[in-house]
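Architecture at a glance
This is what each chain is made of:
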Protein chains: 2
Amino acid sequence: MSVTIYDLAREAGVGIGTVSRCLNNHPSVSVETRAKVLEVVKRLSYQPHASAQRLASKKTNTISAIIPFFTNYFFIQVLQGVQDKAAEFGFDLILYGVNNTSQAEYYLRRSLHRGHVDGVMFFSMKLPESYVAKFQQIRLPLVLVDAYHPEFDSISVKNLEGATMATRHLLKLGHTNIAMINASLATEPARDRMEGYRIALEEAGIPFRNDRVFISEIGKQDGFNREAGRASMEELLGKNTGRDRVTAVFIASDVQAMGALEGAAELGVRVPDDLAIVSFDDIELAQHAQLTTMRQPMYEMGVLALEKLFARMKNPDGAPSLTTFLPSLIIRRSCGARIPTEQLV
Amino acid sequence: MSVTIYDLAREAGVGIGTVSRCLNNHPSVSVETRAKVLEVVKRLSYQPHASAQRLASKKTNTISAIIPFFTNYFFIQVLQGVQDKAAEFGFDLILYGVNNTSQAEYYLRRSLHRGHVDGVMFFSMKLPESYVAKFQQIRLPLVLVDAYHPEFDSISVKNLEGATMATRHLLKLGHTNIAMINASLATEPARDRMEGYRIALEEAGIPFRNDRVFISEIGKQDGFNREAGRASMEELLGKNTGRDRVTAVFIASDVQAMGALEGAAELGVRVPDDLAIVSFDDIELAQHAQLTTMRQPMYEMGVLALEKLFARMKNPDGAPSLTTFLPSLIIRRSCGARIPTEQLV
DNA sequence: TATATTTATGGAAGCGCTTCCATCTGTTCA
DNA sequence: TGAACAGATGGAAGCGCTTCCATAAATATA
């Protein structure tokens, strides 16, 4: 039916070993033989059989990425980095988009099948402990992105430092009554971002006040959503009277900030004039809504994730590495800072 | 090293054929034997070898999706549909995100390798003619999504009808001077959307006027971008004086509409009071910007794409099918229609 | 010239499965 | 009682490669 290396060998008058060597750019093939074989390859429009290659070579040239759909813009950006790098290395990328942890586990298991993939990337979720041993046992390279585990290569964002930078920015603009709108403290990012907020306040000599932190866990994603942001803002504004009223808010994520903006608008509170806002993530919407926010270098994280994965494939031993990215402050209108127009993105 | 069916066979005291039959749920295995084998499978924590299975069975249980990154929100939505359906069928999805046609061709070629994938989905781009014959020759199932070719199963959106619906909506709101902001007529969607606009006008007895169509091709994507939308809006508003001034615009895409909104705001033109807008696509931003727009059922398109692909795998012969989705009008604020609040999404 | 060394080549073995065919056992029915 | 058949099972062949080993040819070395 289809052309195999046996056909090539017969047609070119050489052995199958030679054909294989030609196809894989082995050095020990004479120039003439190589030319002859390649001519036949072209003439018969030979296509190697991927599965056979994989079985024989014990390499799949494939990696899988387990990534939550709900990360949305993060998803695309980081995937673009991953894909670009994968193409460069000639690897295929199996995408496992998931909506919950049990799906994620299913795909972790699947990725562990022998001869399936050469490496796995796990995004934005906590790695179930039961898989730690399995990956180590099979020695299947695993990289965690926007997540962390001491036993594996990880890439994460400095949430704490980012939050500190965000809060400092508000302080520098002269605000002293700064609230925070946060998501569930069950999540690590929420805890870290609150801690960063606290640190910035305290280094400015402003005491951290628990009643200045507004947390709503309604909706999905532990409160990292629009509705929760809106609810928190409404709660905040509901009691925002008197001399020490809040004039600025640090919000734990852009999506929450979007909801908060709606809530503020509804109640006639102008942003940034009445209330300055800085949030976190820099999703696409942030630009449109003119949110001042902390940008995560998503594309770069994708690229680095693959680089780590390949490095691990080459060198399976060696201590797990951790890289953290420092988010950068993107100044737009929501914080009320004066900005040169060319900086408006 | 790792456990193979030979190990299982030895351990269970049966032949490899029986083991294979057990693993594949073949009917002709006795209950006791099956139990015995499955016990060993569990005990040795056997994992089948994917490549070996593929080589022997001549099936990969994998499909590839070639999809432009720039489609952004469409990308995620449609992919979610694809992924959900793929999981249901137990298939893996190789993602080939591309930024241009030459990349797309590279991945088309790659997908054609024997034993690589069982089917291919090609999104939002014109299929290069040179690949038509290749896919037919290898009989590799191919489904086009948001694209069309007479020789392959296709799924597309009724751009013409959608544009007619959009324009009719503006007509119904009482507008008679309706302009259109379009992208390059080199693209089919742009042509279709203009034709739909024309039809709606003419059925209302309003002559189509070429000077009412504003096209900018600056930037990427044949003018389907923010900058081009903004430029067109500025051009439109620049000459929008006198008695028959334009009071409504149909814009060929949401991203262009986003730019157009910026341009209008800059020039002090209020939307919808001074100018009503209806656009096309319903990307995520559209909701936030309160754009009235024509929604494409993206998730459903993803699901259907996979269903078509599987149908084609089962039945390689049979005429190519074409399914077109009718976009639906999502009414938000930009068109100026009164809307019950609960309908505001 | 004889020997060692390098370069090029052929093809068997092996990767871990699926599947087919042959065989064996037990059951059914006249 | 024996023929006919269905149900289980073992294992060889085959999927299409890579790789290793043996060998042949060409070249260098003494």
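The structure displayed is predicted, hence computed values, not measured ones. All residue numbers refer to positions counted from 1 along the written sequence of the respective chain. Working convention: letters from A go to chains and numbers from 1 go to ligands, in the order in which they are written. Local features in this predicted model are restricted to residues whose pLDDT is 70 or higher, and side-chain atom pairs enter the listing and the counts only when it is 80 or higher, whereas totals over whole chains, interfaces and linings include all residues. The basis for every side-chain value is the complete set of non-hydrogen atoms in the structure, without hydrogens or water.

1. Description of the overall build of chain A
In this description a helix means any DSSP run of H or I spanning at least four residues, a strand means any run of E spanning at least two, and both kinds are numbered starting from the N terminus. A count of helices and strands for chain A gives 13 helices and twelve strands. Since a compact globule built from 345 residues should have a radius of gyration of about 20 Å, the 26 Å found for chain A marks it as more spread out than a globular shape. Along the longest, intermediate and shortest principal axes, the C-alpha atoms of chain A span 95 × 45 × 35 Å. Exposure classes here rest on a 1.4 Å probe applied to the protein chains alone. A residue is buried below 20% of its type maximum, exposed above 50%, and partly exposed in between. A buried classification covers 53% of the 345 residues belonging to chain A. Throughout, the radius of gyration refers to the C-alpha atoms, and the reference size of a globule is 2.2 Å times the residue count to the power 0.38.

2. Let's talk about the confidence of the model for chain A
All names here are of chain A. In this model, chain A carries an average pLDDT of 92, and 98% of its residues clear a pLDDT of 70 or more. For every residue, the predictor reports its confidence as pLDDT, a number between 0 and 100. Ranking the elements of chain A by mean pLDDT puts helix 12 (residues 284-288) last, at 82, and strand 8 (residues 248-251) first, at 98. By the convention used here, residues are in contact when the closest approach between their heavy atoms is within 4.5 Å. Note on residues 341-345: pLDDT under 50 across the span, and eight contacts to partners over four residues away in sequence or across chains.

3. Re the interface of chain B and chain A
Each side of the interface is counted separately: chain B has 45 residues, and chain A has 45 residues. Buried area adds together the accessible area that both of two parts lose upon being put together, with accessible area traced by a 1.4 Å probe. It is Phe 69, Arg 114 and His 288 of chain B that lose the most area in chain B upon contact with chain A, and together they represent 17% of the buried surface on that side. Whenever a carboxyl oxygen of Asp or Glu lies within 4 Å of a side-chain nitrogen of Lys or Arg, that contact is scored as a salt bridge. In this structure, the connection of chain B to chain A is made through two salt bridges. Any pair of nitrogen or oxygen atoms within 3.5 Å is treated as a polar contact; in protein, a donor-acceptor pairing is required on top of that, and neighbouring residues in sequence qualify only through side-chain atoms on both sides. Across the chain B-chain A interface, the total number found is 27 residue pairs in polar contact (both at pLDDT 80 or more). Here the side of chain B that touches chain A gets eight residues from one element, more than from any other, and that element is helix 5 (residues 73-89) of chain B.

4. Some points on the packing of helix 6 (residues 101-112) of chain B against helix 7 (residues 130-138) of chain B
Residues and elements named next belong to chain B. For the pair helix 6 and helix 7, the least separation of the axes is 11 Å and the interaxial angle reads 15°. In terms of orientation, helix 6 lies roughly parallel with respect to helix 7. As for how helix 6 packs across helix 7, the hand of that crossing is left-handed. Side by side, helix 6 and helix 7 meet where Glu 105, Leu 108, Arg 109 and Leu 112 of the first sit next to Tyr 131, Lys 134, Phe 135 and Ile 138 of the second. Taken together, the residues of the contact of helix 6 with helix 7 break down into five nonpolar, no polar and three charged. Axes, fitted as lines to C-alpha atoms, cover a helix only where it is in contact. Angles between the N-to-C directions of the axes lie from 0 to 180 degrees. Roughly parallel means an angle under 35 degrees; roughly antiparallel, over 145; roughly perpendicular, 65 to 115; everything else is oblique. Left-handed describes a crossing whose near helix is turned anticlockwise from the far helix by less than a right angle; the clockwise case is right-handed. Three classes are used, and their members are as follows: Ala, Val, Leu, Ile, Met, Phe, Trp, Tyr, Cys and Pro are nonpolar, Asp, Glu, Lys and Arg are charged, and the others, Gly among them, are polar.

5. A few points about the nonpolar core
Among the nonpolar cores identified, the biggest contains 152 residues, and Phe 75 of chain A together with Phe 75 of chain B are the most heavily contacted of them. A total of eight residues in this core trace back to one element, the largest contributor, which is helix 5 (residues 73-89) of chain A. Beyond its immediate chain neighbours, meaning those up to four positions away, Phe 75 of chain B contacts Phe 75, Ile 76 and Leu 79 of chain A together with Ile 67, Pro 68, Phe 69 and Leu 95 of chain B. Remark: nonpolar core denotes a set of buried residues (Ala, Val, Leu, Ile, Met, Phe, Trp, Tyr, Cys) joined through side-chain atoms within 4.5 Å. One finds Tyr 96, Val 120, Phe 122 and Val 132 of chain A within the second-largest nonpolar core, a separate group that totals 42 residues.

6. Regarding the domain arrangement of chain A
Domains assigned within chain A are domain 1 (5-48), domain 2 (57-157 + 298-327) and domain 3 (159-297 + 330-343). What fixes the domain bounds is an automatic or database domain assignment. Computed from C-alpha atoms alone, the centre-to-centre distance between domain 1 of chain A and domain 3 of chain A is 64 Å.

7. Quick word on the environment of Met 165 of chain B
All names here are of chain B. With respect to the helices and strands, the residue Met 165 is situated in helix 8 (residues 159-172). Take Met 165: its relative accessible area is 25%, and that puts it in the partly exposed class. Considering only alpha carbons, one finds Met 165 and Tyr 6, 159 residues apart in sequence, at a separation of 64 Å. Not counting the four nearest positions on each side in its chain, Met 165 is found in contact with Met 294, Leu 326, Pro 327, Ser 328 and Leu 329.

8. With respect to the protein's contact with DNA strand C
Working definition: residue near molecule or strand if any one of its non-hydrogen atoms lies within 4 Å of it. Neighbouring residues of DNA strand C: 31 residues in total, closest Gly 15, Thr 18, Thr 33 and Arg 114 of chain A together with Ser 20 of chain B. Expressed as a percentage, the sugar and phosphate content of the atoms of DNA strand C within 4 Å of the protein is 60%. In this structure, a phosphate oxygen belonging to DNA strand C sits 3.0 Å away from a main-chain N or O atom of Ser 30 of chain A. At 2.5 Å from a phosphate oxygen of DNA strand C is found a side-chain nitrogen or oxygen belonging to Arg 114 of chain A. Of all the secondary structure elements, the ones that give two or more residues to the surface near DNA strand C are helix 2 (16-23) and helix 4 (50-57) of chain A together with helix 1 (5-12), helix 2 (16-23) and helix 4 (50-57) of chain B. Partitioned by chemical class, the residues of the surface near DNA strand C number 13 nonpolar, 14 polar and four charged.

9. Looking at the relation of the copies chain B and chain A
Between chain B and chain A, the superposition needs a rotation of 180° and an axial shift of 0.1 Å, giving an RMSD of 0.1 Å. Expressed as an axis order, the relation between the two copies is that of a two-fold axis. When C-alpha positions in chain B are compared against the rotation axis, the closest is assigned to Ile 94 of chain B, at 2.1 Å. The fraction of interface residues of chain B whose copies in chain A are also interface residues reaches 100%, indicating that both copies meet through the same surface. A residue counts toward the fit only if its pLDDT is at least 70 in both copies, and the copies are then superposed by least squares on the C-alpha atoms of those residues.

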